[in-house]
Amino acid sequence: MHWWIELREGLRIAWDATRANKMRAGLTTLGIVIGIVTVTLMGTAIQGLKRGFNQSISALGSDVLYLERYSWFINSHEEWIRQNRRREITWDQVRGLQRQITSARAVAPTVNTARPVKYKNRSASSVMVIGTTDQALYTGGTSVASGRFLTAGEAEGGRPVCVLGAQTATNLFRGESPVGARVHVGGYPFDVVGVLEPQGEFLGAFSLDNQVIVPIGQFTSLFTQRPDYSIQIKARDMDSLDDTREEARGIMRKLRRLAPGQDDDFAINQQDQFIKTFDKITGTIATIGMFITGLSLFVGGIGIMNIMFVSVAERTKEIGVRKAIGAKRRAILVQFLLEAAMICFLGGLLGLAIAAPGTLLLRKVMPATISLSIVGLALLVSLLTGVLAGFLPAWRAARMNPVDALRNE
């Protein structure tokens, strides 16, 4: 139990020394405080960004593929020009894929445009009008709040019906029930059969609730005669996603009559592409933040080291007395290491106290909270900084000759 007695005694002496030099200890910890505030806010911000990002892209569906003319991420102007020359995806190709694919749970073609939507004397401008089929209820991961979604017969036939997004319904009806009402989409009458559950925003760029879904036949006859289709393909499960992707790719190459060895003239996009790009961005942010944090902690650590050398010099006689009455080098080493670690730990607590209101400000723009893991990391970093910064002064104190120490005045 000697180690426990030494630890307890070292903590008591370290606490007494810190209390006796409050001003000096407080000024010494400024670098540590800045570093802990930085690492805490950075970690909180990154976690908040990830949480908000994951909530936003969940609308894409992790098990849904998006077969389109363009890739979601184009790295150069030359690549954009090359993809812009690709042939459009036609209705015959959509139907061919629907008939031939076997590994998909649902396949939904989509086309879209922006049009004003009116109800009586109320109107909403630039509403996203989406033409699709009944399968979009599965591929889009949406659910209906009231009424119903499009039926297969409505998607194939010519009945002018629509399903409103939550925001569009709120803007136009203001408490009235939209189901059964007639709205004008781009000047054409549509009967409302349902309203979708709120879905939020996509990456903060646009609202997923500011939309109107209409049968794809109605869309192509009223809004555009030659649409460029996008096809949503929902796999049966995550394990079969790669198989579904390869099957869809093979079918489309055959339908578009691409020769063996010829590059695809279409793209198959998925949620994973956004995640990989986002991880690269957050990794860069974290690297910059860690550099700033490391610089602050290095400066703070140098300050702690200097003040501990001063403390050792001031208490040389005390060290000599302790050694003369039997204290081991280990006990002296532990005493000064604990003192340095305690100063840094208190600086870490102060840094967390300052970071807390900063997190409240971050919460206004993202779902940010200080998690226990971030608190634990911040305190661990502060303790390690104290131990590393205090090691040389503590080692010097532990190596002192008791006779020389007692002669010191």
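Residues numbered from 1 in each chain as written. Predicted model: local features only at pLDDT ≥ 70, side-chain atom pairs only at ≥ 80, totals over all residues. Heavy atoms only, no water.

Focus: the nonpolar core
Argument step 1. With 41 residues, the main nonpolar core has Leu67, Leu97, Val183 and Ile233 as its most contacted residues.
Argument step 2. Here the element with the most residues in this core is strand S2 (residues 104-119); it accounts for five residues.
Argument step 3. In this structure, Ile36, Ile307, Ile332 and Leu379 belong to the second largest nonpolar core, which totals 26 residues. (Core = buried A, V, L, I, M, F, W, Y, C linked by side-chain atoms within 4.5 Å. Buried < 20%, exposed > 50% of the residue type's maximum accessible area, 1.4 Å probe, protein only. Helix = DSSP H or I, 4+ residues; strand = E, 2+ residues; numbered from the N terminus.)

Structural notes on the packing of helix H11 (residues 271-314) against helix H13 (residues 329-362)
Argument step 1. Where H11 meets H13, the closest approach of the two axes is 11 Å, and the angle between their N-to-C directions is 140°. Classified by the interaxial angle, the pair formed by H11 and H13 is oblique. For the pair H11 and H13, the sense of crossing is right-handed. Mapping the contact onto sequence places Ile304, Met308, Ser311 and Val312 in H11 and Phe336, Glu339, Ala340, Ile343 and Cys344 in H13.
Argument step 2. In terms of residue class, the contact of H11 with H13 is made up of seven nonpolar, one polar and one charged. (Axes fitted to C-alpha atoms, helices over the stretch in contact; angles between N-to-C directions. Parallel < 35°, antiparallel > 145°, perpendicular 65-115°, else oblique. Left-handed = near helix turned anticlockwise from the far one by under 90°. Contact = heavy atoms within 4.5 Å. Nonpolar A, V, L, I, M, F, W, Y, C, P; charged D, E, K, R; others polar.)

Here we look at the pairing of strand S7 (residues 188-196)
Argument step 1. For strand S4 (residues 144-147) and S7, the ladder comprises three bridges, and the chain directions are antiparallel. Its bridge partner being in S7, Val144 is matched across the sheet by Leu196.
Argument step 2. As paired strands, strand S5 (residues 161-164) and S7 are joined by four bridges and run parallel to one another. Pairing of Val163 across the sheet is with Gly194, part of S7.
Argument step 3. For strand S6 (residues 182-185) and S7, the ladder comprises four bridges, and the chain directions are antiparallel. Note that in S7 the partner of His184 across the bridge is Pro189.
Argument step 4. Joining the antiparallel neighbours S6 and S7 is a turn of two residues, in which Gly186 adopts a positive phi near 60°. (Pairing = 2+ DSSP bridges.)

A word on the confidence of the model for the protein
Argument step 1. Per-residue confidence for the protein gives a mean pLDDT of 80, with 86% of residues at or over 70.
Argument step 2. Confidence, expressed as mean pLDDT per element, reaches its minimum in the protein at helix H1 (residues 2-20) with 61 and its maximum at S5 with 92. (pLDDT = per-residue confidence, 0-100.)

Some remarks on the packing of aromatic side chains
Argument step 1. By the definition in use, this model includes five aromatic pairs.
Argument step 2. Plain terms: the ring middles of Tyr188 and Phe223 are 5.8 Å apart, the flat faces sit at 75° to each other, and that makes the pair edge-to-face. Linking Tyr188 in strand S7 with Phe223 in the loop between helix H9 (216-222) and strand S11 (230-235), this pair joins segments that are 35 residues apart in sequence.
Argument step 3. Under the relative-accessibility criterion, Tyr188 is labelled partly exposed at 35%.
Argument step 4. Judged by its relative accessible area of 12%, Phe223 is buried.
Argument step 5. Among the aromatic residues, those joined into a ring-pair cluster are Tyr188, Phe219 and Phe223. (Phe/Tyr/Trp six-rings, centres within 6.5 Å; stacked < 30°, edge-to-face > 60°.)

Here we look at the pattern of salt bridges
Argument step 1. All told, the structure shown has 12 salt bridges when counted by the stated rule.
Argument step 2. With a shortest N-O distance of 2.7 Å, Arg82 and Glu79 are connected by a salt bridge. Placement of both Arg82 and Glu79 in helix H4 (residues 77-84) is noted, with a separation of three residues, approximately one turn of the helix.
Argument step 3. For Glu79, a relative accessible area of 23% translates into the label partly exposed.
Argument step 4. One salt bridge in this structure joins Arg249 and Glu246, with 3.9 Å as the shortest N-O distance. Within this pair, Arg249 and its partner Glu246 are both found in helix H10 (residues 241-255), separated by three residues, close to a single helical turn.
Argument step 5. When its relative accessible area of 46% is taken as the criterion, Glu246 is described as partly exposed.
Argument step 6. The network of salt bridges with common partners includes Glu246, Arg249, Arg253 and Asp264. (Salt bridge = Lys/Arg side-chain N within 4 Å of Asp/Glu carboxyl O.)

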